[in-house]
Amino acid sequence: MPEPPAFFIKPSPGRLHNGMVYVVMALTQSKTDRQVTPTATLTPLYPMEIQARIIEKKQVADEVMKVTLALDGAVFDFQPGQYVRITVPELKFPDSRGSARDFSISCPPNGKAITVTFRAGKDASGFKQTLLSLAPGEKVRVAGPYGTMVLPAAHTDQSLRPLMFIAGGIGVSAFRAQILSALADKRPRGRITLLWSA
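Residues numbered from 1 in each chain as written. Predicted model: local features only at pLDDT ≥ 70, side-chain atom pairs only at ≥ 80, totals over all residues. Heavy atoms only, no water.

A. Up close: the overall build of the protein. Across its full length, the protein carries two helices and 11 strands. Buried residues in the protein amount to 41% of all 198 residues. Considering only contacts within the protein whose residues lie at least 6 apart along the sequence, 70% involve residues at least 24 apart. A total of about 10900 Å² of accessible surface is found on the protein, and carbon and sulfur atoms cover 56% of it. (Helix = DSSP H or I, 4+ residues; strand = E, 2+ residues; numbered from the N terminus. Buried < 20%, exposed > 50% of the residue type's maximum accessible area, 1.4 Å probe, protein only. Contact = heavy atoms within 4.5 Å. Areas by Shrake-Rupley, 256 points an atom, 1.4 Å probe, with all protein chains shown as cover.)

Listed below in structure tokens is the structure:
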């Protein structure tokens, strides 16, 4: 009978302000030296900065907005689970934290656009109010990608291990991108379980 997978819980840095996010990643453990190694294969993607154009702002749930940014031919390679830093040209509403914020990318890679999804209620920050006030066609700076919370590379022993994702509220955004990417990829992959609390 195969051994049950071991699991490792870690917070996802840079996104706790948008909702609690935890990823439970399967681990492998050697029976000889008892070393524990994460299953994720981290491909180095070097951060860059581009200009992106707002093409859509859409309310997708109560007090939840999705903003789609066109890449307009810019090369912006990322892996599902990573995040970006968005900077608006000028704050239209006061915000003590400044004109930039980190957001999980909530779509799988498509080479044409990226989406970010976030809470934007009556108490939305000055930054979020400014971002949502920009008209389609206006541009923002996008830096990244950042983060190492990515899926194990396909065709590896690690990719066949089961994964469990645990998220609260809008923190599910990064996992949405990963699950959509895994569903679109027809290569064998271990079972993914999502535990989510609104």
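B. Inspection of helix α2 (residues 173-184) at higher detail. Between the first and last C-alpha of α2 there are 17 Å, a value that for 12 residues agrees with the 16 Å anticipated at 1.5 Å per step. Taken residue by residue, α2 has Ser173, Ala174, Phe175, Ala177, Gln178 and Ala182 as its buried positions. (Expected span 1.5 Å × (residues − 1).)

C. Spatial organisation of the pattern of salt bridges. Taken as a whole, this structure holds six salt bridges when the rule is applied. In this structure, the salt-bridge partner of arginine 85 is aspartate 102, at a minimum N-O distance of 2.7 Å. With a gap of 17 residues between them, arginine 85 in strand β6 (residues 83-87) and aspartate 102 in strand β7 (residues 100-104) connect regions that are remote in the sequence. Take arginine 85: its relative accessible area is 40%, and that puts it in the partly exposed class. Taking relative accessible area as the criterion, aspartate 102 reaches 11% and is therefore assigned buried. Here aspartate 185 ties to arginine 187 by a salt bridge, and the two come within 2.8 Å at their closest N and O atoms. (Salt bridge = Lys/Arg side-chain N within 4 Å of Asp/Glu carboxyl O.)

D. Structural view of the packing of aromatic side chains. Scanning the model with the defined rule gives five aromatic pairs in all. With 5.0 Å between their ring centres and 40 degrees between their planes, phenylalanine 103 and phenylalanine 118 make a pair best called tilted. With phenylalanine 103 in strand β7 and phenylalanine 118 in strand β8 (residues 113-119), this pair connects stretches of sequence that are 15 residues apart. Taking the relative accessible area as the measure of exposure, phenylalanine 103 reaches 1% and is therefore buried. According to the relative accessible area criterion, phenylalanine 118 is buried, its value standing at 0%. Ring pairs connect the aromatic residues Phe103, Phe118 and Phe127, which therefore count as one cluster. (Phe/Tyr/Trp six-rings, centres within 6.5 Å; stacked < 30°, edge-to-face > 60°.)

E. Local environment of the sheet that holds β6. Across the sheet, which stays open at both edges, the six strands sit in the order β7-β6-β9-β4-β5-β8 with antiparallel pairing between neighbours. Edge positions in the open sheet fall to β7 and β8, since each of these has one partner strand only. Here the strands of the sheet are splayed against their neighbours by 40 degrees on average, with no regard to which way each runs. Relative to strand β5 (residues 64-70), strand β4 (residues 48-61) is paired through seven bridges, and the arrangement is antiparallel. The residue bridging isoleucine 54 from the neighbouring strand is leucine 69, located in β5. (Pairing = 2+ DSSP bridges. Axes fitted to C-alpha atoms, helices over the stretch in contact; angles between N-to-C directions.)

F. Representation of helix α1 (residues 126-133) in the model. Residues Gly126, Phe127, Lys128, Thr130 and Leu131 constitute the buried set of α1. On its buried face, α1 is in contact with β4, β5, β6, β7, β8 and β9 (139-146).

G. View of the confidence of the model for the protein. Scored by pLDDT, the protein comes out at a mean of 81, with 77% of its residues at no less than 70. For residues 1-45, every residue scores under 50 in pLDDT, and the model assigns this stretch 101 contacts once sequence neighbours within four places are set aside. (pLDDT = per-residue confidence, 0-100.)

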